[in-house]
Amino acid sequence: MSRLVTIFGGSGFVGRYVTRRMAKAGWRVRVAVRNPNEAIFVKPYGVVGQVEPVFCNIRDDASVRSVMIGADAVVNCVGILSEVGKNRFDAVQAEGPERIARIAAAEGVRRMVHVSAIGADEASDSDYARTKAIGEAGVLRHMPEAVILRPSIIFGPEDQFFNRFAGMTRMGPILPVVGADTLFQPVYVDDVAKAAESALTRQVSGGVYALGGPEVLSFRDLMSRMLEVINRRRLVVSIPFFAARIMAFGFDMLQTLSAGLIKNGMITRDQVKNLRRDNVVGEAEKTFADLGIEPVALSAVLPEYLWRFRPSGQYDAIKKSAKNLKT
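**Student:** What am I meant to see in the layout of surface pockets here?
**Tutor:** The method is simple in principle: a probe with the dimensions of a water molecule rolls over the atoms, and the space it marks as empty is what remains. Taken as a whole, the second largest pocket spans an internal volume of roughly 360 Å³. Taken together, 18 residues make up the lining of the second largest pocket; nearest its centre are Glu 83, Arg 88, Asp 252, Gln 255 and Arg 269. Listing elements by their share of the lining of the second largest pocket, those giving two or more residues are helix H8 (241-257) and helix H9 (269-274). Among the elements that line the lining of the second largest pocket, the one with the most residues is H8, at four residues.

**Student:** Even after reading the chapter, I still don't get the pairing of strand S5 (residues 111-115), so can you show me in this structure?
**Tutor:** Remember that side chains alternate between the two faces of the sheet whenever the strand is regular. The buried count for S5 comes to four of five residues, which makes it a mostly enclosed element. Inspection of the sheet shows strand S4 (residues 73-76) paired to S5 by four bridges, in the parallel sense. Residue pairing for S5: Asn 76 is matched across the bridge by His 114. The handedness of the S4 to S5 crossover, carried by helix H3 (residues 89-106), is right-handed. The pairing of S5 with strand S6 (residues 147-151) spans three bridges and is classified as parallel. Across the sheet, residue Val 115 finds its bridge partner in S6, namely Leu 149.

**Student:** I would appreciate a short explanation of the state of the cysteines in the present structure.
**Tutor:** Where two cysteines share a covalent bond between their sulfur atoms, that bond is called a disulfide. As enumerated under the stated definition, the model contains zero disulfides in all. Cys 77 supplies the cysteine sulfur nearest to Cys 56, a cysteine that is in no disulfide, at a spacing of 13 Å. Classification of Cys 56 by relative accessible area gives buried; the value is 3%.

**Student:** Before we go on, may I ask you to explain the sheet that holds strand S3 (residues 51-55) in this structure?
**Tutor:** Where strands meet in a sheet, backbone hydrogen bonds hold them as pairs that are either parallel or antiparallel. The sheet built from seven strands is open, its strands ordered S3-S2-S1-S4-S5-S6-S11 with parallel pairing. Only two strands of the sheet have a single neighbouring strand rather than two, namely S3 and strand S11 (207-211). For this sheet, the mean inter-axis angle between neighbouring strands, taken without regard to orientation, is 20 degrees. Contacting S5 and S6, helix H4 (residues 127-142) runs over the sheet at an angle of about 175 degrees to S5.

**Student:** It is not clear to me how the packing of helix H1 (residues 15-24) against helix H6 (residues 189-201) should be interpreted in this structure. Could you clarify?
**Tutor:** Geometry of a packed helix pair, given as the angle between the helix axes and the separation of the axes. In the contact formed by H1 and H6, the axes pass within 8 Å of each other and the chain directions differ by 45 degrees. It follows from the interaxial angle that H1 and H6 lie oblique. Regarding H1 and H6, the two cross each other, and that crossing is right-handed. Residues Tyr 17, Val 18, Arg 21 and Met 22 of H1 lie in contact with H6, whose contacting residues are Val 189, Asp 190, Ala 193, Lys 194, Ala 196, Glu 197, Leu 200 and Thr 201.

**Student:** Sorry, what's going on with the pairing of strand S1 (residues 4-8) here?
**Tutor:** Among the five residues in S1, five count as buried, and that is most of the element. Alternating residues of S1 divide into Leu 4, Thr 6 and Phe 8 and Val 5 and Ile 7, and every residue in both groups is buried. Relative to strand S2 (residues 28-33), S1 runs parallel, the two being bridged by five bridges. Each bridged residue has a counterpart across the sheet, and for Ile 7 the counterpart in S2 is Val 31. In this view, the connection linking S1 to its parallel neighbour S2 by way of H1 has right-handed handedness. Two strands pair when backbone bridges link them, and S1 and S4 are joined in this way by four bridges, in the parallel orientation. Counterpart to Thr 6 in the pairing with S4 is Val 74.

About the thresholds
- Think of each chain on its own: its residues are numbered from 1, step by step along the sequence as written.
- Two thresholds apply to this predicted model, a pLDDT of at least 70 for residue-level local features and 80 or more for giving and counting side-chain atom pairs, whereas whole-chain, interface and lining totals are computed over all residues.
- Derived side-chain values reflect all non-hydrogen atoms in the structure, with water molecules and hydrogen atoms excluded from consideration.
- A 1.4 Å probe that fits but cannot get out identifies a cavity on a 1 Å grid over protein atoms alone, an open set with protein on both sides within 12 Å along at least five of seven lines counts as a pocket, and a residue lines either if it has an atom within 4 Å of a point.
- Grid points are joined across faces, edges and corners, and a volume is the space filled by probe spheres set on the points.
- In DSSP terms, a helix is any run of H or I states spanning at least four residues, a strand is any run of E spanning at least two, and both are numbered starting from the N terminus.
- Burial classification: accessible surface area is computed with a 1.4 Å probe over protein chains only, and a residue below 20% of its type maximum counts as buried, one above 50% as exposed, and the rest as partly exposed.
- DSSP-based pairing: two strands are paired if at least 2 bridges between them are found.
- The handedness of a crossover follows from its direction of travel: if, with the strands pointing away from the viewer, the path from the first strand over the helix to the second runs clockwise, the crossover is right-handed.
- Put simply, a disulfide is two cysteine sulfurs that come within 2.5 Å.
- Helix axes use the C-alpha atoms of the stretch in contact, all axes being lines fitted to C-alpha atoms, and the angles between their N-to-C directions lie in the range 0 to 180 degrees.
- In what follows, residue pairs with any heavy atoms lying within 4.5 Å of each other are defined as contacts.
- In this scheme, roughly parallel covers angles under 35 degrees and roughly antiparallel covers those over 145, while 65 to 115 is roughly perpendicular and the rest are oblique.
- In this scheme the crossing of two helices becomes right-handed for a clockwise turn of the near helix relative to the far one and left-handed for an anticlockwise turn of less than a right angle.

Pasting the structure below:
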């Protein structure tokens with residue numbers, strides 16, 4: 001019988017790529033999500049019955065245990081960028097991973113991969129970074145040989161980074177950013193999935209792996225690359241951190257006063273804190289190289305999904321060439 005892996009958040013941005021890779025590797029995949037009906041799209045990643053979405057609430061022991069019965073390995077891809085309703089940083093990113101690891105150890109699961117983030121730090125003033133670090137510690141406490149992946153900012157067709165800012169270019173000639181000089185090492189989503197697959201299918205030593213792409217670029221440089229791909233000219237304006245904090249406070253208060261009916265989809269105070277720190281791989285850290293993976297560059301992927309933000313979409317290159325024709 002083929003091996004079984006339970007992937008928590010297996011239909012999310014990163015999770016769906018891990019799910020696809022594990023299915024192609026011949027594993028049976030149990031996709032543990034809050035809304036299984038919205039995760040039906042993952043079933044064709046394998047043959048009939050190979051990939052199955054199931055309900056799970058990582059805030060509940062019984063729910064987590066029920067989806068882990070019989071599993072040979074688990075992968076946790078659950079994470080949030082901002083707090084909404086019951087999805088708080090402490091519950092999702094600190095308590096959730098430890099709960100998964102504790103129950104996995106009790107159920108005799110042999111391997112675990114946990115997707116964290118570069119910048120995880122228990123001493124951070126950012127709740128996001130602090131809870132990421134607490135979650136890592138909780139995982140290692142119960143599963144000492146677990147593999148923890150710390151990616152920099154992740155890009156890919158479903159990302160909420162380049163897609164979001166490319167969409168903003170349609171609104172006017174100015175593209176505002178917070179932390180224009182902050183450094184990032186963008187990593188392709190399928191490379192992160194490849195790292196998770198490698199950790200489960202090869203003899204990989206446990207511990208923390210910092211995952212960054214082949215280039216280190218500032219936020220401003222990332223926006224310039226994006227603008228080149230979508231053939232638009234916009235003025236990238238850096239918003240000072242003091243102004244960003246005031247803006248974020250206003251957006252956060254609007255969400256609070258509306259009882260969550262109006263969600264802060266712009267920027268939160270916690271995100272402003274994170275943007276003050278570089279998001280790159282440090283020295284002496286285990287990386288993609290230790291997993292035998294050569295990461296993909298931005299230029300190889302961005303045009304594949306950002307073309308729809310060009311002035312003429314898929315016909316932009318054709319129209320540009322037509323203008324050069326001599327009459």
